[in-house]
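# Chains, contacts and geometry: an overview
Okay, here's what each chain looks like letter by letter:
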Amino acid sequence: MNSLNLALRRRLIETIGRIAGMPEVSAIVLVGAGGVFSAGADIGEFDTQQAFVEPSIHAVMAAVESSTKPVIAGIEGLAMGGGLELAMAAHCRVAMAGSRIALPEIKLGLIPGAGGTQRLPRAIGLEAAARMICNGDPVRADAPSLAGLFDLVVEQDLLEACLGLAQRIVRDGMKASLLRDRAMPAPASPLFYQELEQRAGSKGQWPTAVNACIACLRAAEAMPVEAGLAFEREAFMKLFDSPVSGALRHAFIAERTAAKIAGLPAQTGIRPLRAAAVVGAGTMGAGIAMTFANAGIPVRLLEMKEDALERGLAVIRANYEGSVRRGKLSRADCDQRLALIRPTLSYEELRDADVVVEAVYEDMDAKAGVFRQLDTFCKPGAILASNTSTLNLDKLAAVTSRPADVVGMHFFVPANVMPLLEVVKARETSAEVLASVMKLAKRLKKTGVVSGVCDGFIGNRMIDPYLRQAYFLLEEGALPEQIDRALEAWGMAMGPFRAGDLTGLDVLWSVRKRRYVEVPGVVYSRLPDRLCELGRFGQKTGAGYYRYEPGAREGKPDDAVRALVEGYSAEIGRARRQISDEEIVSRCMLALVNEGAAILDERIAQRASDIDAVYLLGYGFPAFRGGPMYYADTLGLREVIASMARFQEQAGSDPAFWQPHRLLLELAESNGTFN
Ligand code: NAD
């Protein structure tokens with residue numbers, strides 16, 4: 001990626017200096033090795049502050065701009081962030097037509113900090129620059145909006161084109177001027193900035209960063225370039241030190257770090273996975289089959305009965321057809337994907353599969369039956385995966401003669417959309433199988449996060465105490481809509497009750513019923529059971545914590561629920577009180593955090609940032625808060641414990657619930673953090 005880390009910056013400075021002293025050289029062409037110009041700053045360096053160690057990117061750019069020999073940047077693959085800014089310091093730019101150009105800093109709550117807001121508008125105009133900086137998405141180099149940025153856009157032979165341009169400058173006296181010396185184009189209209197501000201925040205943009213960007217563009221209009229650059233630098237540093245950007249950077253790194261498998265032997269092999277199979281064509285199975293097809297992997301879809309198979313295929317067809325209708329998928333791609341999904345009723349046809357994902361009913365006997373069949377029919381070396389949410393994977397592996405090949409692939413609904421995949425390592429899962437599935441996750445465009453075996457794995461195990469707190473809050477005085485509103489205002493994509501209505505309250509009920517038996521010591525509010533006993537299972541029954549008009553997806557608060565909740569409080573003798581939104585958020589979040597500590601301590605998760613990644617990608621946790629464990633770190637773990645102690649003392653609380661986990665206590669004592 002040629003990220004501009006300290007080592008590369010040093011080499012660039014050193015090389016440019018050396019070439020300056022070579023009389024036989026009259027121009028410099030700067031291209032990236034490995035088919036990529038540069039993906040920009042090394043985000044990992046931000047945390048160590050190494051990004052700011054001299055020579056900084058500014059020093060490299062100053063060396064380029066002050067070079068007496070013209071510098072020609074040749075761009076292919078990617079030029080992002082600092083990489084693009086470096087190219088903008090060159091005297092000329094040549095790009096391959098298909099390379100992707102971006103200033104993506106906004107996604108980390110930042111603005112370009114190395115002149116992007118000052119040089120880009122001088123190249124492509126203020127409004128085009130503002131758009132590019134404020135949405136952060138890549139643009140093809142041959143896009144008309146980028147015309148002013150490149151001296152030449154070529155389809156091939158980048159280096160030849162760069163050398164040709166160099167010769168024209170050196171031999172033919174073609175003028176090559178720096179972007180900083182170009183006049184500012186026409187100012188943008190005030191209305192344009194206004195609209196930009198209004199849109200900020202609506203599309204995952206970070207309002208303060210958008211505002212800073214606008215301020216920098218105004219500075220570019222009004223100030224000489226040096227002053228504009230200084231203004232930008234100051235604005236960048238202010239954002240850099242903001243909690244929002246800190247959290248977004250953590251989220252960014254957490255999602256990338258998750259791919260690393262701790263303690264993996266270096267020589268671990270990867271199995272080639274060319275053909276897949278899915279057993280069960282229900283909600284999950286259909287989505288998983290689509291996920292394979294979307295990645296271009298042929299997949300057999302197996303069901304017990306013809307009608308179930310037809311139902312599953314109909315769901316898949318309808319889904320793809322919907323995408324075609326909405327213009328998201330071409331007809332040809334739709335046909336191609338459908339052709340990759342081949343239905344079957346016979347295990348014989350699974351012989352070729354390199355990986356099989358079982359997604360039948362959440363029932364040990366049903367799943368064990370499937371795994372015995374897979375053991376009989378699948379070829380040696382095939383990876384046998386289960387999508388189970390709660391069942392013991394070790395037991396499932398034990399019904400086969402090849403437990404080392406058994407692994408969990410826990411997808412989230414809708415499987416073809418959700419970006420998270422918990423990859424569950426059973427006791428005997430081999431390193432090779434684990435590594436192969438983590439690599440497969442990437443091909444499927446998912447972030448794989450390794451989890452050990454436990455009830456609910458990382459994500460659902462943590463959701464249990466979170467929901468228990470939400471139910472206690474109902475008993476004590478809150479209503480579903482208040483709890484949802486508080487958590488959504490805090491940043492969660494969906495509050496627990498709206499989410500429950502969507503998932504199906506019967507699903508959560510069956511998990512609880514199992515847990516009442518398996519872990520009888522844990523205190524649950526029985527209030528949610530009362531709702532289920534009334535047949536209120538959420539959206540699918542038209543009523544859950546909310547009431548749904550026929551066909552509506554948005555629920556309305558329901559007086560019947562209020563009466564049920566208040567009646568239940570009276571029945572258990574709990575005096576209802578006003579509960580603040582702050583308390584709601586704090587109790588629900590700290591419930592997550594304490595369970596996260598246990599998960600980390602038991603090595604179910606490899607690292608705290610993996611837990612954050614699970615919540616960010618699978619549970620609608622707000623990226624600008626970095627994930628539950630990061631959030632606890634930013635609160636300070638002593639503060640976390642103090643809050644838990646306060647909750648423990650409240651009337652009616654379950655004291656066991658608020659017992660801080662050992663790891664949390666230890667870390668707090670040593671002033672440590674989870675991350
Ligand atoms: P579902 O009831 O929608 O689908 C199950 C399908 O499996 C049905 O079509 C059924 O006909 C088929 N089936 C049952 N036994 C079979 C057998 N022996 N051979 C072939 N097909 C068989 O269930 P679902 O919601 O898709 O859940 C499937 C699995 O995914 C469960 O283990 C569940 O815990 C897990 N899971 C579900 C969710 C979710 O939110 N729905 C999320 C993650 C994981």
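Here the structure is a predicted model, which is why all the values come from computation and not from measurement.

## Details of unusual backbone geometry
At the junction of Glu 54 and Pro 55, the peptide bond is cis and its omega measures out at 0 degrees in the coordinates. Here Pro 55 is to be found in the loop between α2 (43–48) and α3 (57–65). For Asn 671, which is not a glycine, the phi torsion comes out positive at approximately 55 degrees. One can find Asn 671 in the segment after α28 (662–669). Under the relative-accessibility criterion, Asn 671 is labelled exposed at 61%.

## Side note on the site of the ligand
In the region of the ligand, 21 residues are neighbours, and Met 284, Glu 303, Glu 362, Lys 367 and Asn 387 sit closest. Here an oxygen atom of the ligand sits 3.0 Å away from a polar atom, N or O, in the main chain of Thr 283. At a separation of 2.6 Å, an oxygen atom of the ligand approaches a polar side-chain atom of Glu 303. Starting from 830 Å² of accessible surface for the ligand in isolation, the protein chains cover 80%. Looking at the shell around the ligand, the elements that each hand over two or more residues are α12 (283–294), α15 (364–377) and β13 (406–411).

## Looking at the pattern of salt bridges
All told, the structure shown has 45 salt bridges when counted by the stated rule. A salt bridge links Lys 379 to Asp 354, with the shortest nitrogen-to-oxygen separation between them at 2.7 Å. With Lys 379 in the loop between α15 and β12 (383–386) and Asp 354 in the loop between β10 (341–344) and β11 (355–358), this residue pair connects regions lying 25 residues apart in the sequence. Notably, a salt bridge pairs Glu 583 with Arg 577, separated by 2.8 Å at the nearest N-O pair. Through salt bridges with shared partners, a single network forms among Asp 455, Asp 464, Arg 514, Arg 515 and Glu 518.

## Description of the sheet that holds strand β15 (residues 447–451)
As summarised here, the arrangement of the eight strands in space is β10-β9-β8-β11-β12-β13-β14-β15, forming an open sheet in which the pairing is mixed. Only two strands of the sheet have a single partner each, and these edge strands are β10 and β15. Geometrically, the sheet is characterised by an average inter-axis angle of 25 degrees between neighbouring strands, direction not taken into account. Note: β11 against β12, four bridges, orientation parallel. In the sheet register, Glu 358 faces β12, and the bridge partner there is Ser 386. Its contacts with the sheet put α15 on β8 (276–279), β11, β12 and β13, and the angle it makes with β12 is roughly 170 degrees.

## Focus on the pairing of strand β1 (residues 28–31)
Covered by surrounding structure in β1 are Ile 28 and Leu 30 only, the residues Val 29 and Val 31 on the alternate face being uncovered. Sheet topology note: the β1/strand β2 (residues 71–75) ladder contains four bridges and is parallel. Across the sheet, Val 29 pairs through a bridge with Ile 72, a residue of β2.

## Observations regarding the UniProt feature "domain: 3-hydroxyacyl-CoA dehydrogenase NAD binding" (unreviewed entry) in the protein
Here, UniProt's "domain: 3-hydroxyacyl-CoA dehydrogenase NAD binding" (unreviewed entry) annotation points to residues 276–451. Between the C-alpha atoms that bound residues 276–451 the distance is 22 Å, and the span itself is 43% helix and 20% strand.

## A few points about the environment of Ala 295
As for its placement among the helices and strands, Ala 295 is situated in the loop between α12 and β9 (299–302). Ala 295 gets classed as partly exposed once you look at its relative accessible area, which sits at 28%. Spatially, the C-alpha atoms of Ala 295 and Lys 442 are 9.8 Å apart, while their sequence positions differ by 147 residues. Each residue touching Ala 295, except ones within four places of it in the same chain, is listed here: Arg 443 and Leu 444.

## Quick look at a nonpolar patch on the surface
A surface patch of nonpolar side chains, about 240 Å² in accessible area, is lined by Val 31, Leu 159 and Leu 163. Topologically, Leu 159 is positioned in helix α7 (residues 158–170).

## Considerations on the domain arrangement of the protein
Entries for the protein in the domain assignment read domain 1 (6–241), domain 2 (276–451) and domain 3 (459–603 + 606–669). Inter-centroid distance (C-alpha atoms) of domain 1 to domain 3 is 46 Å.

## Some points on the nonpolar core
The biggest cluster of nonpolar side chains holds 74 residues, and the ones touching the most others in it are Ile 458, Tyr 466, Leu 487, Met 589 and Phe 674. Those residues in contact with Ile 458, other than ones at most four positions away along the chain, are Glu 422, Val 449, Val 450, Ser 451, Ile 599, Ile 604, Ala 605, Ile 611 and Val 614. Leu 12, Ala 129, Tyr 193 and Phe 240 belong to the second largest nonpolar core, which has 66 residues in total.

## A few points about the sheet that holds strand β7 (residues 152–154)
Here four strands make up an open sheet; going across it, the order is β1-β2-β4-β7 and the pairing parallel. Here the strands that pair on one side only, and so sit at the sheet edges, are β1 and β7. The average angle at which neighbouring strand axes cross in this sheet is 20 degrees, direction not considered. As judged from the four bridges shared by β2 and strand β4 (residues 92–96), these two strands associate in the parallel manner. Bridged to Gly 74 within β4 is Val 94. Strands β1, β2, β4 and β7 of the sheet are contacted by α7, whose axis makes an angle of about 155 degrees with β4.

## Regarding empty space enclosed by the protein
Applying the stated criterion to the full structure yields one cavity of 30 Å³ or more. By volume, the largest cavity is sized at about 50 Å³. Considering the residues around the largest cavity, the lining is formed by Gln 469, Phe 472, Glu 475, Glu 476, Arg 574, Arg 587, Gly 652, Ser 653, Asp 654 and Trp 658. It is helix α18 (residues 457–476) that provides the largest number of residues to the lining of the largest cavity, a total of four residues.

## Brief notes about the pairing of β8
Side chains Ala 276 and Val 278 of β8 all project onto a buried face; the interleaved residues Ala 277 and Val 279 project onto the opposite face, where all are buried too. The sheet contact formed by β8 and β9 spans four bridges and is parallel. Paired with Ala 277 across the bridge in β9 is Arg 300. Regarding the hand of the β-α-β motif, the stretch spanning β8, α12 and β9 is right-handed. The pairing of β8 with β11 spans four bridges and is classified as parallel. The residue bridging Val 279 from the neighbouring strand is Glu 358, located in β11.

Rules and cut-offs
- Residues numbered from 1 in each chain as written.
- Predicted model: local features only at pLDDT ≥ 70, side-chain atom pairs only at ≥ 80, totals over all residues.
- Heavy atoms only, no water.
- Helix = DSSP H or I, 4+ residues; strand = E, 2+ residues; numbered from the N terminus.
- Buried < 20%, exposed > 50% of the residue type's maximum accessible area, 1.4 Å probe, protein only.
- Near = heavy atom within 4 Å.
- Polar contact = N/O pair within 3.5 Å; in protein donor to acceptor, adjacent residues only side chain to side chain.
- Areas by Shrake-Rupley, 256 points an atom, 1.4 Å probe, with all protein chains shown as cover.
- Salt bridge = Lys/Arg side-chain N within 4 Å of Asp/Glu carboxyl O.
- Pairing = 2+ DSSP bridges.
- Axes fitted to C-alpha atoms, helices over the stretch in contact; angles between N-to-C directions.
- Contact = heavy atoms within 4.5 Å.
- UniProt positions renumbered as here; feature names shortened; annotations may be inferred.
- Patch = residues over 30% accessible without salt bridge, like charges linked within 9 Å, V, L, I, M, F, W, Y side chains within 5 Å.
- Domains from an automatic or database assignment.
- Core = buried A, V, L, I, M, F, W, Y, C linked by side-chain atoms within 4.5 Å.
- 1 Å grid on protein atoms, 1.4 Å probe; cavity = no way out; pocket = protein on both sides within 12 Å on 5 of 7 lines; lining within 4 Å.
- Points joined across faces, edges and corners; volume = space filled by probe spheres on them.
- Right-handed = clockwise from strand over helix to strand, strands pointing away.

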